[in-house]
Amino acid sequence: MDDQTRIEIEAAAFRTLRHHLMEKRADVQNIDLMNLAGFCRNCLARWYQEAAAERGIEMTKDEAREVYYGMPYEDWCAANQTEADAAKQEVFKKVFAENVGDPTKP
């Protein structure tokens, strides 16, 4: 397989994952994704932002989230997210630190 075909297939797989998480399973909470898999929709938006930055394209976190979510992040949350209980939030702190980094350190 040539590189261009591989890139196109990888991009198609990403679009399918995004569609699945945004359209078919919008009911799955970001905190549940993070707690179980170590990543969530926000991670996918951050990875998008980081890939853009590697190519010299500046993008804020909010801009990347709007690209990924297809709307302002706050609007998507209002329509799809629920408040997580204390137990889930406690697990999230540990999983976030392990997979993303310590939010208390710059």
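Residues numbered from 1 in each chain as written. Predicted model: local features only at pLDDT ≥ 70, side-chain atom pairs only at ≥ 80, totals over all residues. Heavy atoms only, no water.

> So what exactly am I meant to see when it comes to the overall build of the chain here?
Of the regular secondary structure elements, the chain holds six helices and zero strands. Its C-alpha atoms give the chain principal-axis dimensions of roughly 50 × 35 × 25 Å. Burial statistics for the chain: of 106 residues in total, 25% are counted as buried. Residue pairs at least 24 apart in sequence account for 56% of intrachain contacts in the chain once pairs closer than 6 positions are excluded. Within the structure as shown, the chain displays about 7400 Å² of accessible surface, and the carbon and sulfur contribution to it stands at 55%. Mean positive and mean negative side-chain charge positions of the chain (14 and 20 charges, respectively) differ by 4 Å. (Helix = DSSP H or I, 4+ residues; strand = E, 2+ residues; numbered from the N terminus. Buried < 20%, exposed > 50% of the residue type's maximum accessible area, 1.4 Å probe, protein only. Contact = heavy atoms within 4.5 Å. Areas by Shrake-Rupley, 256 points an atom, 1.4 Å probe, with all protein chains shown as cover. Lys, Arg positive; Asp, Glu negative; His and termini not counted. Charge placed at Lys NZ, Arg CZ, Asp CG, Glu CD.)

> Got a minute to help me understand the environment of Gln-89 in this structure?
Structurally, Gln-89 is set in helix α6 (residues 86-99). Judged by relative accessible area, which is 34%, Gln-89 ranks as partly exposed. Other than its neighbours up to four places away in sequence, Gln-89 contacts Ile-31, Glu-83 and Ala-84. At 2.7 Å, the side chain of Gln-89 and the backbone oxygen of Ala-84 are in polar contact. (Polar contact = N/O pair within 3.5 Å; in protein donor to acceptor, adjacent residues only side chain to side chain.)

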